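# Observations on the three-dimensional arrangement
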Amino acid sequence: MSRVSLEGQVAVVTGAARGVGELLARKLSARGAKVALVGLEPDALERVCGRLHSESGYWHADVTDPEAMARVAGEVGERFGKVDIVVANAGVAAGGPFTDSDPDAWRRVIEVNLIGSAVTARAFLPLLTESRGYLLQVASLAAIVPAPMMTAYCASKSGVEAYAHGLRAEVGHQGVRVGIAYLSWTDTDMVRGADQDEVMRELRQRLPWPANKTYPLGPAVDRIVAGIERRGGHVYAQWWLRGMQGVRGYLPQVIGVVGQREMRRFAPRLREVRTGLVGAGGAADEGARGVASPRGRYR
């Protein structure tokens, strides 16, 4: 498929303070796109904005707040005159046994990853319709492979995948393309935060290759940028994820059998798993909402 030049395009990236969002903003800017950064950490967003190569701006907003995101969309449209690309990247994660999980943290993962993505799209779709633009929804390997100890994250990423597929069919006739980006474990604050928990780290290391590796951020984001340039319907941050699509129908049964074995092995240690959102992004989300972090508590 032919690629679209990003020169002069206006791209919005949510969750842009760090990780995938930050590096994606930098790479889009290096290709000539004007970039609007959205997130919960104004100081970090300002720092990222200052490192970009093209015209840019940042907006402090919670993606789950419809009024705030509608305001952001209006201000971005006024500032840049149009919006060509929106990357719904903002996300948080929590791990651990479902029955012992923090209910508020579990719910927040769904709110940010699924509801926040829908709020983002609802706010920016009028501008994307005007420009016949592109919405890229960031999903995950977790949308393809259901995993124990990750019920909230898997539910949220499966949800955004299904929602994006449905939205694609709705808005395609208006010239808006919708893509879904899939990432495996990538070297971000979120993954490093999850790995701080010994049980979660060991469980991940016991996954079969190549799902047990942590992949470098740079090549993953390069693949996402290439997907944006071609307005891809499916974008794979690691080469092998494309092959998972053909076998995904068999995976729940396999995981159900293998997962039970692993849970039995780790059962005596499951109460060691920390609760709450993981990583620096999780801490920022809790801080923005005035929530005392439960990540130092054990269930």
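Everything that follows concerns the structure shown earlier in this document.
### What about the pattern of salt bridges?
Tallied over the full model, the rule gives 25 salt bridges. Linking Arg3 and Glu229 is a salt bridge whose minimum nitrogen-to-oxygen distance equals 3.1 Å. Taken together, the positions of Arg3 in the segment before β1 (10-14) and Glu229 in helix α8 (residues 217-229) put the pair 226 residues apart, joining distant regions of the chain. A relative accessible area of 54% places Arg3 in the exposed class. Taking relative accessible area as the criterion, Glu229 reaches 13% and is therefore assigned buried.

### Some thoughts on the environment of Val63
Its location among the elements puts Val63 in the loop between β3 (56-60) and α3 (66-80). Between the alpha carbons of Val63 and Gly91 there is a distance of 9.5 Å; along the sequence they are 28 residues apart. Val63 has contacts with Thr14, Met69, Ala90, Val112, Gly116, Val119 and Thr120, leaving out every residue within four places of it along the chain.

### Details of the environment of Cys49
Position of Cys49 among the secondary structure elements: in helix α2 (residues 42-50). Note on Cys49: relative accessible area 15%, which makes it buried. Along the backbone, Cys49 and Arg248 are 199 residues apart, and their C-alpha atoms lie at a distance of 39 Å. Apart from residues lying up to four places away in sequence, Cys49 is in contact with Leu37, Ser56, Gly57 and Tyr58.

### Remarks on the pairing of β1
Most of β1 is tucked away, with five of its five residues classed as buried. Alternating positions in β1 separate into two faces, Val10, Val12 and Thr14 on one and Ala11 and Val13 on the other, with burial throughout. Pairing between β1 and strand β2 (residues 34-39): five bridges, direction parallel. Bridging from a neighbouring strand, Ala11 pairs with Val35 of β2. Each parallel crossover has a hand, and the one from β1 via helix α1 (residues 19-30) to β2 is right-handed. As paired elements, β1 and strand β4 (residues 85-88) share three bridges and run parallel to each other. Bridging from a neighbouring strand, Val13 pairs with Val87 of β4.

### A word on the sheet that holds strand β5 (residues 134-138)
Sheet architecture is open: seven strands sit in the order β3-β2-β1-β4-β5-β6-β7, paired in parallel fashion. Each having just a single partner strand, β3 and β7 (234-236) make up the two edges of the open sheet. When the angles between neighbouring strand axes are averaged without regard to direction, this sheet yields 20 degrees. Note that β2 and β3 share five bridges and pair parallel. If you follow Val38 over to β3, its bridge partner there is Trp59.

### Here's the deal with the side chain of Gln137
Along the chain, Gln137 falls in strand β5. Of note is the side chain of Gln137, whose polar atom sits 3.4 Å from the backbone oxygen of Ala88. In this structure, Gln137 is in contact with Ala88, Ser117, Val160, Tyr163, Ala164, Gly179, Ile180 and Ala181, ignoring residues within four places of it in sequence.

### Focus on the nonpolar core
Judged by nonpolar contacts, the single largest core of 67 residues is most densely connected at Val12, Met69, Val76, Val83, Phe124 and Met149. Examining the composition of this core, we find that 10 residues originate from one element, helix α4 (residues 103-131), more than from any other. Ignoring anything within four residues of it in the chain, the contact list for Val76 reads Val12, Ala36, Trp59, Gly81, Val83 and Phe124. Residues Ala16, Leu52, Val138 and Ala237 belong to the second largest nonpolar core, which totals 33 residues.

### Overview of a nonpolar patch on the surface
A surface patch of nonpolar side chains, amounting to about 460 Å² of accessible area, comprises Val247, Tyr250, Val254, Val257 and Val258. Inspection of the secondary structure assignment puts Tyr250 in the loop between α9 (241-244) and α10 (251-266). A relative accessible area of 61% places Tyr250 in the exposed class.

### Quick notes on the packing of α4 against helix α5 (residues 151-171)
When two helices pack together, their arrangement is given by the angle between their axes and by how far apart the axes lie. The N-to-C vectors of α4 and α5 enclose an angle of 20 degrees; their axes lie 7 Å apart at closest approach. Relative to α5, the element α4 is oriented roughly parallel. The handedness of the crossing between α4 and α5 is right-handed. On the side of α4, the interface is formed by Trp106, Val109, Ile110, Asn113, Leu114, Ser117, Ala118, Ala121 and Leu125, while α5 contributes Thr151, Ala152, Tyr153, Ala155, Ser156, Lys157, Gly159, Val160, Tyr163, Leu167 and Val171.

Rules used in this analysis
- All residue numbers refer to position in the chain's written sequence, counted from 1.
- Only residues with pLDDT of 70 or above have their local features reported here, since the model is predicted, and side-chain atom pairs are shown and tallied only from 80 upward, although totals for entire chains, interfaces and linings are computed over all residues.
- Water and hydrogen atoms play no part in the side-chain values, which are based on all heavy atoms of the structure.
- Put simply, a salt bridge is a Lys or Arg side-chain nitrogen that is within 4 Å of an Asp or Glu carboxyl oxygen.
- Only DSSP runs of H or I with at least four residues qualify as helices, and only runs of E with at least two residues qualify as strands; both kinds are numbered from the N terminus onward.
- Residue exposure (1.4 Å probe, protein chains only): buried if accessible area is under 20% of the type maximum, exposed if over 50%, otherwise partly exposed.
- By the convention used here, residues are in contact when the closest approach between their heavy atoms is within 4.5 Å.
- Note: two strands are recorded as paired if DSSP finds a minimum of 2 bridges between them.
- Crossover handedness is defined here as right-handed if the route from the first strand over the helix to the second strand goes clockwise, with the strands pointing away from the viewer.
- Note on geometry: axes are C-alpha line fits, over the in-contact stretch for helices, and angles between N-to-C directions span 0 to 180 degrees.
- We define a polar contact as two N or O atoms separated by no more than 3.5 Å, with the added condition that, inside protein, one atom must be a possible hydrogen donor and the other a possible acceptor, whereas residues neighbouring each other in sequence contribute only through side-chain atom pairs.
- What is meant by a nonpolar core is a set of buried Ala, Val, Leu, Ile, Met, Phe, Trp, Tyr and Cys residues, joined one to another through side-chain atoms within 4.5 Å.
- A patch consists of residues whose relative accessible area exceeds 30% and which take part in no salt bridge; residues with like charges are grouped when within 9 Å of each other, and nonpolar side chains (Val, Leu, Ile, Met, Phe, Trp, Tyr) when within 5 Å.
- Using the Shrake-Rupley algorithm and a 1.4 Å probe, accessible areas are obtained, with residue cover drawn only from the displayed protein chains.
- These descriptions rest on fixed angle ranges, namely under 35 degrees for roughly parallel, over 145 for roughly antiparallel, 65 to 115 for roughly perpendicular, and the rest for oblique.
- By definition, turning the near helix anticlockwise from the far helix through less than a right angle yields a left-handed crossing, and turning it clockwise yields a right-handed one.

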